[in-house]
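Coordinate analysis (summary)
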Amino acid sequence: MLIGYLPAGYPTIEKSIGLVLAMIDHGVDLIEVGLPYSDPLMDGPVIQDAVSVALSGGATTDSVLEVVGAITDHGGSSVVMSYWNPIERYGVTRFTENMVARGGSGLITPDLTIEEAGPWITAATEFHLDPIFLVAPSSTDSRISAIAQQTRGFIYAASTMGVTGTRDQVSSMAPQLVERVRQLTELPVAVGLGVSSGAQAAAISQYADGVIVGSAFVRAALAGGVAAVGELAAELAQGVRSPLR
Amino acid sequence: MTTSENLVWSENSVQLPGHFGPYGGRFVPEALTSALDELDAAFRLAASEPAFLQQLADLERDYTGRPSPLTRALRFSEYCNGARIYLKREDLNHTGSHKINNVLGQALLTKRMGKSRVIAETGAGQHGVATATAAALLGLECTVYMGEEDTRRQALNVARMKLLGAEVVPVTAGSKTLKDAINEAMRDWVSSVDQTHYVLGTVTGPAPFPEMVRYFHSVIGREAREQILAVEGRLPDAVAACVGGGSNAMGLFSAFLDDSSVSLRGYEAGGDGVETGRHAARFAAGSPGVLHGARTYVMQDEWGQTISSHSISAGLDYPGVGPEHAWLHDTGRAIYEPVNDSEAMTAFSLLSRTEGIIPAIETAHGLAGAMRLGAELGPDSVIIVNLSGRGDKDVATAARWFGIDLGDVVSAELAEGR
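The paragraphs below set out a description of the structure included in this document. (Residues numbered from 1 in each chain as written. Chains lettered and ligands numbered in written order. Predicted model: local features only at pLDDT ≥ 70, side-chain atom pairs only at ≥ 80, totals over all residues. Heavy atoms only, no water.)

Before going further, it helps to examine empty space enclosed by the protein. What the rule picks out here adds up to seven cavities of 30 Å³ or more. Volume-wise, the largest cavity comes out at about 330 Å³. Lining the largest cavity are 30 residues, with B:His98, B:Lys99, B:Gly315, B:Leu316 and B:Glu362 sitting closest to its centre. Elements represented by at least two residues in the lining of the largest cavity include exactly strand E5 (117-122), helix H5 (126-138), helix H8 (178-192), helix H10 (247-253) and helix H14 (361-377) of chain B. Residue composition of the lining of the largest cavity, by class: eight nonpolar, 18 polar and four charged. Taken as a whole, the second largest cavity spans an internal volume of roughly 200 Å³. Around the second largest cavity sit 21 residues that line it, and A:Asp43, A:Ile47, A:Tyr156, A:Thr164 and A:Leu193 are the ones nearest its centre. (1 Å grid on protein atoms, 1.4 Å probe; cavity = no way out; pocket = protein on both sides within 12 Å on 5 of 7 lines; lining within 4 Å. Points joined across faces, edges and corners; volume = space filled by probe spheres on them. Helix = DSSP H or I, 4+ residues; strand = E, 2+ residues; numbered from the N terminus. Nonpolar A, V, L, I, M, F, W, Y, C, P; charged D, E, K, R; others polar.)

What follows concerns the sheet that holds strand E7 (residues 155-158) of chain A. Within a sheet, adjacent strands bond to each other through the backbone by hydrogen bonds, running parallel or antiparallel. Residues and elements named next belong to chain A. Pairing is parallel across the open sheet formed by nine strands, whose spatial order is E5-E4-E3-E2-E1-E9-E8-E7-E6. Of all the strands in the sheet, just strand E5 (130-132) and strand E6 (134-135) have a single pairing partner and so form its edges. Relative to E7, E6 runs parallel, the two sharing two bridges. From the neighbouring strand, Leu134 faces E7, where its bridge partner is Tyr156. Sitting on the sheet, helix H10 (residues 215-240) touches strand E1 (2-7) and strand E9 (210-213), and the angle it makes with E1 is about 170°. (Pairing = 2+ DSSP bridges. Contact = heavy atoms within 4.5 Å. Axes fitted to C-alpha atoms, helices over the stretch in contact; angles between N-to-C directions.)

Bringing the pattern of salt bridges into the picture now. Within this structure, the stated rule accounts for 34 salt bridges over all chains. Where A:Arg143 meets A:Glu115, a salt bridge forms, and the shortest distance between an N and an O atom there is 2.8 Å. Linking A:Arg143 in helix H7 (residues 141-150) with A:Glu115 in the loop between strand E4 (106-108) and helix H6 (118-127), this pair joins segments that are 28 residues apart in sequence. Since its relative accessible area comes to 12%, A:Arg143 is described here as buried. In this structure, B:Arg152 and B:Glu149 form a salt bridge, with 3.3 Å as the shortest nitrogen-oxygen distance. Highlighted residues: B:Arg152 and B:Glu149, both in helix H6 (residues 148-153), separated by three residues, approximately one helical turn. The exposure class assigned to B:Glu149 is partly exposed, which follows from its relative accessible area of 28%. (Salt bridge = Lys/Arg side-chain N within 4 Å of Asp/Glu carboxyl O. Buried < 20%, exposed > 50% of the residue type's maximum accessible area, 1.4 Å probe, protein only.)

In this structure, the largest pocket encloses a volume near 580 Å³. Along the walls of the largest pocket sit 31 residues, with A:Ser38, A:Gln48, A:Ser52, B:Ala173 and B:Gly174 positioned nearest its centre. Only helix H2 (45-56) of chain A together with strand E7 (167-171) and H8 of chain B provide two or more residues apiece to the lining of the largest pocket. As a volume, the second largest pocket reaches approximately 310 Å³.

All names here are of chain B. In this fold, Lys393 is placed in the loop between strand E15 (382-387) and helix H15 (395-402). Polar side-chain contacts of Lys393 include one of 2.8 Å to the side chain of Glu362. Not counting chain neighbours up to four residues away, the residues in contact with Lys393 comprise Ala124, Gln126, Gln154, Asn157, Ala360, Ile361 and Glu362. (Polar contact = N/O pair within 3.5 Å; in protein donor to acceptor, adjacent residues only side chain to side chain.)

Residue and element names in this part refer to chain A. Those residues of H6 that sit buried are Pro119, Trp120, Ile121, Ala123 and Ala124. Residues of H6 that are buried in the fold lie against helix H4 (84-90), helix H5 (92-102), E4, E5 and H7. Once H6 ends, the next one or two residues include His128, with phi positive near 60°.

Below, the structure written as structure tokens:
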């Protein structure tokens, strides 16, 4: 499974819709729609800059839901990726209801620990949305188990200790982490952080159920718009589905 | 269970570790959870060991210069309706502010955890200087993140950090101030947590930071309580402090929390005035939200995006506040008021001219508060103000404010800081 991230509203709301639809058309299985936030402390410079452009352009939580709706209308699937404060401010129940109405399937929360997630998990359960949590190479086994118990859809395995951004090599910690997760849960595991090429995607697909690509799509959007994003999606999709598998 | 949409918490959360009522907690990337658990355990173990406490006390006495005096401000009192004003002299600590108390504690913990590097954020530069100092003392590598805007207005402290051997990284993202420096320090920490401890400089951030930083600053309140009982034979009517993140205030407040007769007063930065929108008044104009790892009062818009703060004081120029302050505010145990730039600068000038003490501009907000408090509580009242830092770093800003001609040479040097 290929999962591609782009922030809603980058470079504009309309254009961000065009970009994610191109991703779907070129083989991305699930779109991770980023909710632009003023203090993205898990993101590297590429996504920081993109999010800043989106916010300056007036992107809001409603814009994110608009992008989700457009993806659904196009026949695609999406989850939202958001830091916690905008969701809490919007209202957890209100957000959950609107996500369901727009056809979104889940929410990735990179700064929400399971200990603080009670109200969100309750709402997600009621509305059949997937709460998607992250595990990291530093997570203990008992913590991975606890996180897996609260997660639905898939587990997001952060491939390395660090922030988002493309890297020449995907960390060697990733296979070990995925292996540990597999011992502890039946949930599908997707690997993210640092993936940018078809070759990397192919390598990860040999041991993980999903490959998550973010910064590389933002760079492609910046460099060549819809065409470049489509091209990257095609390359990654081929990697994910390569016969190496 | 859930009481409202915008304030998500259960009634049980009052008893949860790492929380202050609904506030505090941990809102961080999963990658940091194990480091925070490790820190929490190291802190609790150290705090239970007499040997560690002795080591810290020795450093406080021999290196910081504690106890810091409690100075009666007789002439300044005349501008406070004659109230008996006492200054807790944290400005006399080594490095010139209260910040060293927390930093020494965390630097010792860093060594105990076997880590070789510390990172820190800084606004006014006082926490950065203190961290660079402790790193030099204990042989730790040190990187300090500072908003580019703040590196300009606090250029002298940037130079001090570099002289102490620290790397200073100007942060150009966002509003280029303290908030963005914290973001960048967090990003560094996620990537380097194996060998690096993040010496967070105030009583905010994810648990256990708010509790731990308060603990290391509680020496301020303990000393002040003992000192005022010795000199006045009674508890003060009020204790006052400026509140950015709120560490100097929590340090002072902590010794008086259970004394219901002692009013706790915090003064946040009103900037150009709360009505102008250019301020850092989280209680006057913010609302509960999540920022930098904790639920607390945050300056935010209707979408939950952080609003940039403004203050003449770099150290108070922050859109969040320590979660324990949020709880003290909601429960009514402490009272928080904004103090505008101009009101703070008036107090800055008055203390300088009446007591021969040039305070930090941050601290001047607390002094302006004392002037209000004197009017409120009357001439017989006893008030302790935390003189949290000295004003050497603020000479250029203050000279500009008061129109003092610094002369060509000095101006050129200070202009670097502009």
